[in-house]
Amino acid sequence: MAPSLEEPTMEEPTQVDFDAPLKAAPKLVAPEPEHCPGPESQAAGTADSCAGCPNQAICASAPKGPDPDIPLITARLASIKHKILVLSGKGGVGKSTFSTMLAHGFASNPSHTVGLMDTDICGPSIPKMMGVEDETIHVTAEGWEPVWVTENLGVMSVQFMLPNRDDAVIWRGAKKNGLIKKFLMDVVWDELDFLVVDTPPGTSDEHLSVNSYLKGAGVSGAVLVTTPQEVSLLDVRKEMDFCRKAGIRILGIVENMSGFVCPGCSHVSQIFKASTGGAKRLAEEEKIPFLGKVPLDPRIGQACDLGESFLEAWPDSPACEAIREVVRRVAVEVGFGGDVLGEGESS
Amino acid sequence: MPLENIQNIVLVLSGKGGVGKSSITTQLALTLSLQGYSVGVLDIDLTGPSIPRFFGIEKAKVRQAPGGWIPVPVHDAQTLLPRARSTSKDIGALSCMSLGFILANRNDAVIWRGPKKTAMVRQFLTDVLWPKLDFLLIDTPPGTSDEHISLLETLLKQTNTPSAPRNQLAGAVVVTTPQAIAVSDVKKELNFCKKTGIRVLGVVENMSGFVCPKCAKCANLFSKGGGEAMAIEFEVPFLGRLPIDPAFSALIEEGTRPEYPKGTFDDDIELENEENKRTIEDEKALLVDKYRDCHLYQKQFNEIVKKLVADIHSRN
């Protein structure tokens, strides 16, 4: 096989057309070729790279025009007031942990109803962190019922659909997109004050799908999570670039795992060194709000492992106070007036 | 075939992100090099490539040659001068390939759907002109999706030809952190290996404990023992527990030679304090040379890699 000499040019980084209305993806008979415009794109079946593809006829004959499901999704989600994405280019910086905290924080006010959706198909962590790992989804006439953790906090994740909790979900992008669409279209969220959407690391299928499906319904914005090191900030910059290109408003950036307080001597160690100024400096450079720093507290990890709410278990810890402050800031950024945490006068 | 120069291919996998796949890959590569093997590192994390940063070669660009891409060299085979406690060393050449070397701007997002990623991974496996390598380490993104499927499809096809060295695809090193959350994702990755028939060379438990530099007590940031328990459950070898070493982060982030304050403890054994004061030449010293002073190398990786190499060679 002759290796291609084609320089993989980065001049066309937005081969993905963010503004194109998606049409329904047709059923394919073969994997998409390298330069596939995407079976749901407007050019499907007619692009140069479609010549010779076994799917060409299928793509070309698929109904044109926007995906008829998008208005359905928009209608389904119309009664959700604030939709917040939690993003990070890097894995393991605490997206899921932060998403659960955000959800618990919003739900600590009993007058709110909060939903938490896990779009990480290959590594879902939300059910375990919420302590509902063994639950399954109930299907009713109206659609899929989310799993309710408390009276006012519902969760949806692919984990609830796996027969065995350790099974690997070995799916290519197209299949993942289908599931995310189902989550948005078929889950009965009803009236929600907040929907927190947890995402996998990176800037790929899941992110594009969430963005395009939610476009009609309107996303309040995205919270970016990072750790202080440059290795992580590097990936977060890419995520910002993604948000800008996709037209998602950045609500702000949170610095997680910022400093560790030794339980023995209370000495603060910067385990993950902010050698380039950390998230604060990045926020200043990029002119986006800096939402705060959350210190590294081993009890957060333990609470997540046990599926408890850290905010309830350790309400007096410094980390808890930091998180509550971030939740308040996020509420302000999405334009939520009033007492988000339900603390009465004290806030 | 482009992979014919390579003796052994080792994958570094983890279901969870941020557990230290790239950091472990880097250290495996440096250690292999220190043991005299020639090593290549291929980074197939397309949307978040970290390998260029880890090796301190972010500005490097890939060169084009007739027939493919030339990987970016980190250092050539050479002899390192003796240091305080280590004698002079013959090290093997080390080179890297990553999408990071191809991007025009390091902040640009690579927003690609599956098919494009699949094609890029395939191109990385077929079009890179590796020099003669004893080991090729492949650093992967988290999860079990497009990149992984294409990687294994292509590798299994290429390494099963009669001309390929025996057991060229040696297997996978699986990285986890000790918390239950990470372990539950990594179990999925072990099942992925089982399904695709990749041998698991072993499990590494990363970020297992942190030694407070002030009071020198070891604190378990993310609890302890989860990786070992998982390895036993899945009947795969357990390679070891690695503590968080701020000196290693400083080496990567700032390029400073690892230095340890006197009286640093690790599991209640006082670590020896070596005569490894930083010098001015250190600014220009090779990463691999500085890494020799890192405790993670001296206490952990040297042994782990010896075990791995013996295991791999016993099957060649």
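Per chain, residue numbering runs from 1 following the sequence as it is written. The order in which chains are written sets their letters, starting at A; the order in which ligands are written sets their numbers, starting at 1. Where totals are concerned, whole chains, interfaces and linings use all residues; where local detail is concerned, this predicted model gives features only for residues with pLDDT of at least 70, and gives and counts side-chain atom pairs only at 80 or more. As a rule here, side-chain values cover all heavy atoms of the structure and leave hydrogens and water aside.

Looking at an unreviewed UniProt entry, one finds chain B named P-loop containing nucleoside triphosphate hydrolase protein, with Pleomassaria siparia CBS 279.74 as its source organism. UniProt positions are given in the numbering used here, feature names are shortened, and annotations may be inferred rather than shown by experiment. Regarding chain B, the relevant UniProt record gives this comment under Subcellular location (unreviewed entry): "Cytoplasm". Here is the UniProt Sequence similarities (unreviewed entry) comment for chain B, exactly as written: "Belongs to the Mrp/NBP35 ATP-binding proteins family. NUBP2/CFD1 subfamily."

If you check an unreviewed UniProt entry, chain A appears there as P-loop containing nucleoside triphosphate hydrolase protein from Pleomassaria siparia CBS 279.74. UniProt lists a comment for chain A under the heading Function (unreviewed entry), and it reads "Component of the cytosolic iron-sulfur (Fe/S) protein assembly (CIA) machinery. Required for maturation of extramitochondrial Fe-S proteins. The NBP35-CFD1 heterotetramer forms a Fe-S scaffold complex, mediating the de novo assembly of an Fe-S cluster and its transfer to target apoproteins."

### So, the pairing of strand β1 (residues 6–13) of chain B
For a regular strand, side chains alternate in direction, first toward one face of the sheet and then toward the other. Residue and element names in this part refer to chain B. Across the eight residues that make up β1, a large majority, seven, are buried. Of the strand pairs in this sheet, β1 and strand β9 (residues 133–139) are connected by six bridges, and their pairing is parallel. Bridge pairing links Leu 11 to Ile 138 in β9. At least two bridges found by DSSP between two strands are what make those strands a pair. Secondary structure elements follow DSSP: runs of H or I of four or more residues count as helices, runs of E of two or more count as strands, with numbering from the N terminus. Of the strand pairs in this sheet, β1 and strand β10 (residues 169–176) are connected by five bridges, and their pairing is parallel. Burial status follows relative accessibility: with a 1.4 Å probe on protein chains alone, a residue under 20% of its type maximum counts as buried, one over 50% as exposed, and anything between as partly exposed.

### Notes on the interface of chain A and chain B
It is common to give the size of an interface as the accessible area that goes away when the parts come together. Between two residues, a contact is recorded if the distance between any of their heavy atoms is within 4.5 Å. Taken residue by residue, the interface counts 72 residues in chain A and 74 residues in chain B. Buried area is a sum: the accessible area each of two parts loses on coming together, probed at 1.4 Å, counted once for each and added. The contact between chain A and chain B buries some 6200 Å² in all, and 57% of this surface belongs to carbon and sulfur atoms. For this analysis, a salt bridge means a side-chain nitrogen from Lys or Arg found within 4 Å of a carboxyl oxygen belonging to Asp or Glu. Where chain A meets chain B, there are four salt bridges. For Arg 172 of chain A, the salt bridge goes to Glu 153 of chain B, with nearest N and O atoms at 3.3 Å. Any pair of N or O atoms that falls within 3.5 Å is considered a polar contact. Within protein, one atom must be able to donate a hydrogen and the other to accept it, and sequence-neighbouring residues count only if both atoms are side-chain atoms. On the surface where chain A and chain B come into contact, there are 25 residue pairs in polar contact (both at pLDDT 80 or more). Listing elements by their share of the side of chain A that touches chain B, those giving two or more residues are α4 (126–130), α5 (173–186), α6 (205–214), α7 (230–246) and α9 (298–306) of chain A. No other element matches the nine residues that α7 of chain A contributes to the side of chain A that touches chain B. Each residue is assigned to one class: nonpolar for Ala, Val, Leu, Ile, Met, Phe, Trp, Tyr, Cys and Pro, charged for Asp, Glu, Lys and Arg, and polar for all the others, Gly among them. In terms of residue class, the side of chain A that touches chain B is built from 32 nonpolar, 19 polar and 21 charged.

### Considering the nonpolar core
We call a set of buried residues a nonpolar core when its members are Ala, Val, Leu, Ile, Met, Phe, Trp, Tyr or Cys and they connect through side-chain atoms within 4.5 Å of each other. Ranked by internal contacts, the top residues of the largest apolar core, which has 94 residues, are Leu 11, Phe 55, Phe 124 and Ile 138 of chain B. Top element by residues in this core is helix α9 (residues 295–313) of chain B. It accounts for eight residues. Judged by nonpolar contacts, the second largest core, of 87 residues, contains Val 197, Ile 253 and Ala 283 of chain A together with Ala 109 of chain B.

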